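Summary of structural features
Here is what each chain is made of, one letter per residue.
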Amino acid sequence: MGDSSASYIHMVHHLIEECLIFNMSKEECMEALSKHANIKPVITSTVWDELAKENKEFFEAYTRGRDHRATEIEKRQRIQSRLNASRREKDKE
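Quick summary incoming for the structure in this document. Not measured: the values here are computed from a predicted model.

**Regarding helix α4 (residues 56–92)**
Taking 1.5 Å of rise per residue, the 37 residues of α4 would be expected to cover 54 Å, and the 54 Å separating its terminal C-alpha atoms lies within 8% of that figure. Those residues of α4 that fall on the buried side of the exposure criterion are F59, Y62 and G65. Here the buried face of α4 lies against α1 (3–21) and α3 (41–54).

**Let's talk about the nonpolar core**
Counting residues in each nonpolar core, the largest one holds 12 residues, listed as V12, I16, C19, L20, C29, L33, I39, V47, W48, L51, F59 and Y62. Elements with a minimum of two residues in this core: α1, α2 (26–37), α3 and α4. The residues contacting I16, other than those within four sequence positions of it, are C29, L33, T44, V47, W48 and L51.

**Quick word on the side chain of K26**
As for its placement among the helices and strands, K26 is situated in helix α2. Those residues in contact with K26 that lie beyond four places of it in its chain are S45, W48 and D49.

**Describing the packing of α1 against α2**
Look at α1 against α2: their axes get within 10 Å of each other, and the N-to-C directions meet at 120°. Viewed along their axes, α1 and α2 adopt a mutual orientation that is oblique. For α1 against α2, the interelement crossing comes out right-handed. Where α1 abuts α2, its residues L15, I16 and C19 lie against C29, L33 and A37. By residue class, the composition of the contact of α1 with α2 is six nonpolar, no polar and no charged.

**Structural notes on the side chain of T44**
Looking at the element boundaries, T44 is found in helix α3. Apart from residues no more than four positions distant in its own chain, T44 is found in contact with V12, I16, C29, M30, L33 and I39.

**Structural notes on α2**
A turn of α-helix holds 3.6 residues, and therefore any two residues three or four places apart point the same way. For α2, which comprises 12 residues, the first-to-last C-alpha distance of 15 Å matches the rise-based estimate of 16 Å (1.5 Å per residue) to within 8%. Regarding α2, the residues found buried are K26, C29, M30, A32 and L33. Turning to α2, the residues buried within the fold contact α1 and α3. At the C-terminal side of α2, N38 shows a positive phi close to 55°.

**Let's talk about the packing of α3 against α4**
In the contact formed by α3 and α4, the axes pass within 5 Å of each other and the chain directions differ by 110°. In terms of orientation, α3 lies roughly perpendicular with respect to α4. Along the contact surface, α3 presents W48, L51, A52, K53 and E54, while α4 presents K56, F59 and Y62. Split by residue class, the contact of α3 with α4 holds five nonpolar, no polar and three charged.

The rules behind these values
Residues numbered from 1 in each chain as written. Predicted model: local features only at pLDDT ≥ 70, side-chain atom pairs only at ≥ 80, totals over all residues. Heavy atoms only, no water. Helix = DSSP H or I, 4+ residues; strand = E, 2+ residues; numbered from the N terminus. Expected span 1.5 Å × (residues − 1). Buried < 20%, exposed > 50% of the residue type's maximum accessible area, 1.4 Å probe, protein only. Contact = heavy atoms within 4.5 Å. Core = buried A, V, L, I, M, F, W, Y, C linked by side-chain atoms within 4.5 Å. Axes fitted to C-alpha atoms, helices over the stretch in contact; angles between N-to-C directions. Parallel < 35°, antiparallel > 145°, perpendicular 65-115°, else oblique. Left-handed = near helix turned anticlockwise from the far one by under 90°. Nonpolar A, V, L, I, M, F, W, Y, C, P; charged D, E, K, R; others polar.

Structure (structure tokens):
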């Protein structure tokens, strides 16, 4: 692999790490890098997959954490929705 190819892959790697800091999914990262860094989604996907292969335990924990947070957010939204509905019913009385 040439020097410029290696540095490009390294840059994509670094940008993916930034996506991870912002708790993005692979798809969100692909979209963000395509939009903001003009990196083709297939490149981001390939580098992401290689990172996931090399750091299997990290990515498994990362995915579990994202799934858990998504579940917690959904629970909070359902509770808030029920509270709002209850308040609206109370205000009608």
